[in-house]
Amino acid sequence: MELSKDPKIVIQDFDFYYGNNHAVKKVSFDALGREVTSIIGPSGCGKSTLLRCLNRMNDLIPETKAQGKILIDGQDIYEASVDVVELRKKVGMVFQKPNPFPKTIFDNVAYGLRINGYQEKSEIIRRVEQSLRDSALWEEVKDRLTDNGLSLSGGQQQRLCVARALAIQPEIVLMDEPASALDPIASAKLEELIVRLKEKYTIVIVTHNMQQAARISDKTAFLMQGELVEFGATKDLFTKPTRKITEEYITGRFG
């Protein structure tokens, strides 16, 4: 799947409300195809809210409101004509805590294929193997595909969730603090995986780990109280930020 280096995601003057709570305020930035874009900022700054807006997961919460535009491949995903089910096939998601289903390793990965109408057994088998290879898990589980997914270690469970997201062949993968529940070794494996995945996918990741953002992302967006403070190449943002508040956050003076 070839993705160009054009903007894959364009966020324009985007606001999001939970009732009267103005959680995301006039945010604008682009995420390029086949790059990792990190969203950083202190707790409660709107990082996860913004991430979930990219596949309209927040639609499931009552009394929410979106204003402004989010374009994916040039289409505003908040237009009334958008099929949200199709959008979520294109924009996969990996959550903060590993959340495998209480099913076999194979069935965890095959789940999305089956609910999306795949019936050809050979194609399901092929896609499950490819997804487990892409998530760097195949060699560890190829002889135990009938074991329960919950029998895996925490790091393996999270890579299984990545495989589950990849099985339906999304173009964009969203990750909401995917390493926060993992030990340092499992986190390092997941970081290596993310860097490798950008060869095929556009990745947007929320992380509270400054070092992680610096290691794995091409671009970084820094949010404070729902507002975009600074956005740019990760190296520049971490070594020569343009705003004093950015420098204070990344050097650990607050947050």
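Rules behind the numbers
- Residues numbered from 1 in each chain as written.
- Predicted model: local features only at pLDDT ≥ 70, side-chain atom pairs only at ≥ 80, totals over all residues.
- Heavy atoms only, no water.
- Salt bridge = Lys/Arg side-chain N within 4 Å of Asp/Glu carboxyl O.
- Helix = DSSP H or I, 4+ residues; strand = E, 2+ residues; numbered from the N terminus.
- Buried < 20%, exposed > 50% of the residue type's maximum accessible area, 1.4 Å probe, protein only.
- Contact = heavy atoms within 4.5 Å.
- Polar contact = N/O pair within 3.5 Å; in protein donor to acceptor, adjacent residues only side chain to side chain.
- Core = buried A, V, L, I, M, F, W, Y, C linked by side-chain atoms within 4.5 Å.
- Expected span 1.5 Å × (residues − 1).

Some details on the pattern of salt bridges
(1) Moving on: Tallied over the entire structure, the rule returns 22 salt bridges.
(2) Moving on: In this structure, Glu-171 engages Lys-8 in a salt bridge whose closest nitrogen and oxygen atoms are separated by 2.4 Å. Of this pair, Glu-171 sits in the loop between helix H6 (154–167) and strand S7 (172–176) while Lys-8 sits in strand S1 (residues 7–18), and the two are 163 residues apart along the sequence.
(3) Moving on: Of the residues examined, Glu-171 reaches a relative accessible area of 22% and is grouped as partly exposed.
(4) Moving on: Asp-73 is the partner of Lys-90 in a salt bridge, and the nearest nitrogen-oxygen pair spans 2.7 Å. Of this pair, Lys-90 sits in helix H2 (residues 84–90) while Asp-73 is found in the loop between strand S4 (64–72) and strand S5 (75–76), placing the two residues 17 residues apart along the sequence.
(5) Moving on: With a relative accessible area of 25%, Lys-90 lands in the partly exposed category.

With respect to helix H3 (residues 105–115)
An α-helical turn contains 3.6 residues, so any two residues separated by three or four positions project in the same direction.
(1) Moving on: Of all the positions in H3, only Ile-105, Phe-106, Asn-108, Val-109, Ala-110, Gly-112 and Leu-113 are classed as buried.
(2) Moving on: Those residues of H3 hidden inside the fold are in contact with helix H4 (121–134), helix H5 (138–141) and H6.
(3) Moving on: Just downstream of H3, Gly-117 is the residue with a positive phi angle, here 95°.

Describing the side chain of Glu-191
(1) Moving on: Residue position: Glu-191 is located in helix H7 (residues 184–197).
(2) Moving on: Judged by relative accessible area, which is 10%, Glu-191 ranks as buried.
(3) Moving on: Polar side-chain contacts of Glu-191 include one of 2.7 Å to the side chain of Arg-215.
(4) Moving on: Setting aside residues no more than four positions away along its own chain, Glu-191 makes contact with Gln-212, Arg-215 and Ile-216.

Re the nonpolar core
(1) Moving on: Counting residues in hydrophobic clusters, the biggest one holds 28 residues, and the most contacted among them are Ile-9, Ile-11, Phe-14, Leu-50, Leu-54, Ile-70 and Leu-174.
(2) Moving on: Within the residue set of this core, elements represented by two or more residues are S1, strand S2 (21–32), helix H1 (47–53), S4, strand S6 (91–94), S7, strand S8 (202–206) and strand S9 (219–224).
(3) Moving on: The residues contacting Ile-11, other than those within four sequence positions of it, are Val-27, Ser-28, Phe-29, Asp-30, Leu-50, Leu-54, Lys-69 and Ile-70.
(4) Moving on: Of all hydrophobic cores here, the second largest spans 18 residues; its members include Val-162, Ala-165, Leu-166 and Ile-203.

Concerning unusual backbone geometry
(1) Moving on: Its identity as a non-glycine residue notwithstanding, Lys-26 has a phi of 50°, on the positive side.
(2) Moving on: Counting through the fold element by element, Lys-26 comes out in strand S2.
(3) Moving on: Of the residues examined, Lys-26 reaches a relative accessible area of 53% and is grouped as exposed.
(4) Moving on: Its identity as a non-glycine residue notwithstanding, Ala-136 has a phi of 60°, on the positive side.
(5) Moving on: Mapped onto the fold, Ala-136 is located in the loop between H4 and H5.

A few points about H6
(1) Moving on: For H6, with 14 residues, the first-to-last C-alpha span of 20 Å sits near the 20 Å given by 1.5 Å per residue.
(2) Moving on: The buried fraction of H6 is high, at 13 of 14 residues.
(3) Moving on: Trailing H6 by a residue or two, Gln-169 shows a phi angle of about 55°, which is positive.

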